[in-house]
Every structure is written in structure tokens, then in C-alpha cells.
Amino acid sequence: MDNMAYLQQISQTGGVNNGKQGKAFGLIDKGLALKLGIGFGAAIILLVIIMAIVNAMSVVDTRAHDVLVHAWYQSEYLNETTSQYSREVKSSDLRGMATALVGVTNEIRNRTATILLEDYGEEVDDLDDSDIAMEELQKNTELNESLELARISGTLDYTFVREYKLQIALLLSCMSEYIERTETDTYKEMISATHDNLDTLYNQFKNYEDLGN
């Protein structure tokens, strides 16, 4: 074999080896890219899960506040309506229950206002333009309209019991949810005491209705 042929053989052999090395490096690059892609995707999924958990925790905290605000406005408006229409009912038993309810709703107003100020730094007067306040005002307007129609038609006692059993149940539901959600034992005890008193009144209204009065 002459020198020229030998050099050509070496050149061809080197080209083959370089091609094999290039393919090997290409496979390594693809494997690394795949691993990086999987790792990046897993990191995104983990971030989404963490954000979901944080958002869920913030919803729980907000809900505890919101049900407390609902309870304050429900007791405030219910107090006003009770004071207005309890004088119109015919049954003395029903008037006595209404008087007791005013006392309990006053206590609920005071205690929820205290918690809102101490735990959230909010004055209830500053919440009058909130969505919750507007929602409860609308509900109370509908309650007053129902009671007024009943007064005109001579069915106030019956309507008063039916409507108040519902209103008290709604207020109890807000208080129960707050008791379940709050992590502060002092506030839990404050609301639990008034919850029990309100629950007693709810049973009185229910029994009054069940007796067909």
C-alpha cells in the first residue's frame, strides 16, 4: 500500500469514529434535556400544589371573619325588626319570646363587635358598605315586607313565628361555623355562650309552632 492510500484509510477511519462520538454526545444531550424537562415539570406541579394549599388556608381564615360579620349584621337587623313588630303580635307568650330574643341579639352584637375589633382591627361601622352588609340588609328588607303584609292581613303571629324560626336558624348557622373555624379559645367561648342561649330560643319558637299556635 503506498503512502497516499494509507493516509486515505486513516482519514476514513477517523471520520467513522468521529461520527460515532457525535451520535453518543447527541444521545447524552437528549437524555439530559429529558431529565431537565421532567424536573422542571415536577417543580411547576409542586408550586401549583403549594399555591393551592396557601389559597385554601386563606379562604378558611377569610370565612371565619365573614361569618362573624354576617352574625353581627343579622343580629343587628333582627334586633331592629323584633323591636318594631313584637309590639304588634297578639300572643303574650310570643311577645315574651321576642323580648328575650332582643336581649340575646344585643349580646351577640356586642361580642361579635368585640372580636372583630380585637382580632381583625375592624370597627363595625366601617363595614356598612361591604357586600355582606348589603346582603344582610336585603334579607332584612324582605323579612320586614313579609311581616308587614302579615300585619295588614291579620296573620302576624303565625308569620312572625315562621319567619323568626328561619332567621334564628340562619344566625345559629353562622355562629356554629365561626365556633368551628376560630382557633382562639377565648373567642370560641364568647360565641358558644350566646349560641347556646339563642339555641334555647330557637327551640321555644319551634315548639310554639309545633303546638299550632
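So, how was this worked out
Residues numbered from 1 in each chain as written. Predicted model: local features only at pLDDT ≥ 70, side-chain atom pairs only at ≥ 80, totals over all residues. Heavy atoms only, no water. Helix = DSSP H or I, 4+ residues; strand = E, 2+ residues; numbered from the N terminus. Expected span 1.5 Å × (residues − 1). Buried < 20%, exposed > 50% of the residue type's maximum accessible area, 1.4 Å probe, protein only. Contact = heavy atoms within 4.5 Å. Salt bridge = Lys/Arg side-chain N within 4 Å of Asp/Glu carboxyl O. Patch = residues over 30% accessible without salt bridge, like charges linked within 9 Å, V, L, I, M, F, W, Y side chains within 5 Å. Areas by Shrake-Rupley, 256 points an atom, 1.4 Å probe, with all protein chains shown as cover. Lys, Arg positive; Asp, Glu negative; His and termini not counted. Charge placed at Lys NZ, Arg CZ, Asp CG, Glu CD. Axes fitted to C-alpha atoms, helices over the stretch in contact; angles between N-to-C directions. Parallel < 35°, antiparallel > 145°, perpendicular 65-115°, else oblique. Left-handed = near helix turned anticlockwise from the far one by under 90°. Core = buried A, V, L, I, M, F, W, Y, C linked by side-chain atoms within 4.5 Å. Phe/Tyr/Trp six-rings, centres within 6.5 Å; stacked < 30°, edge-to-face > 60°.

A. Layout of helix H5 (residues 185-210). Given a rise of 1.5 Å per residue, 26 residues ought to cover 38 Å, and the 36 Å separating the end C-alpha atoms of H5 matches this to within 8%. Buried within H5 we find Tyr187, Met190, Ile191, Thr194, His195, Leu198, Leu201, Tyr202, Phe205 and Tyr208.

B. Quick peek at the environment of Leu78. Turning to its location among the elements, Leu78 is positioned in helix H1 (residues 3-85). Expressed as a C-alpha distance, the spacing of Leu78 and Glu136, which sit 58 residues apart in the sequence, is 9.9 Å. Leaving out residues up to four positions away in the same chain, Leu78 has contacts with Leu101, Thr105, Asn140, Leu143, Tyr164 and Gln167.

C. View of the pattern of salt bridges. Inspection of the entire model under this criterion finds nine salt bridges. Close ionic contact of Arg109 with Glu76 constitutes a salt bridge, the shortest N to O distance being 2.5 Å. Taken together, the residues Arg109 in helix H2 (residues 92-120) and Glu76 in helix H1 connect sequence positions 33 residues apart. By relative accessible area, Glu76 is classed as buried at 16%. A salt bridge links Lys139 to Glu136; the shortest N-O distance between them is 3.7 Å. Here the residue Lys139 and the residue Glu136 both occupy positions in helix H3 (residues 131-153), the gap between them amounting to three residues, near one helical turn. Ionic contacts of the salt-bridge type, sharing partners, join the residues Arg63, Glu177 and Arg181 into one network.

D. Main features of a negative patch on the surface. A cluster of acidic side chains, namely Glu123, Asp125, Asp126, Asp128 and Asp129, defines a negative patch on the protein surface. Tracing the sequence through the fold places Asp125 in the loop between H2 and H3. The exposure class assigned to Asp125 is exposed, which follows from its relative accessible area of 59%.

E. Structural detail: the packing of H3 against helix H4 (residues 156-181). One way to put it is that H3 packs onto H4 with a least axis distance of 8 Å and a crossing angle of 160°. In terms of axis orientation, H3 runs roughly antiparallel to H4. Along this stretch, H3 crosses H4, giving a crossing that reads as right-handed. Counted together, Leu143, Ser146, Leu147, Ala150 and Arg151 of H3 and Leu156, Thr159, Phe160, Arg162, Glu163, Tyr164 and Gln167 of H4 form the full contact between these two elements.

F. Molecular detail of the nonpolar core. One finds Leu94, Phe160, Tyr178, Leu198 and Phe205 to be the most contacted residues of the largest nonpolar core, which totals 45 residues. Secondary structure elements with two or more residues in this core: H1, H2, H3, H4 and H5. Broken down by element, the residue count for this core peaks at eleven residues, all from H4. Excluding anything up to four places from it in sequence, Leu198 contacts Leu101, Val104, Ile108, Ile168, Leu171, Leu172 and Met175.

G. Local environment of the packing of aromatic side chains. Counted by the stated rule, this structure contains five aromatic pairs. Each ring, one from Phe160 and one from Tyr164, has its centre 4.1 Å from the other, and the planes form 15°; the classification is stacked. Linking Phe160 with Tyr164, this pair stays in helix H4, spanning four residues, or about one helical turn. Each of the two residues, Phe160 as well as Tyr164, counts as buried. Centroid distance Phe160 to Phe205: 6.5 Å. Interplanar angle 35°. Geometry classified as tilted. Of this pair, Phe160 sits in helix H4 while Phe205 sits in helix H5; the two residues are 45 residues apart in sequence, bridging distant segments of the chain.

H. Structural context of the environment of Gln167. Looking at the secondary structure, you find Gln167 in helix H4. According to the relative accessible area criterion, Gln167 is buried, its value standing at 18%. Along the backbone, Gln167 and Lys139 are 28 residues apart, and their C-alpha atoms lie at a distance of 9.7 Å. With near-sequence residues (within four places) excluded, Gln167 lies in contact with Leu78 and Leu143.

In short, shape yes, function no, at least from these values alone.
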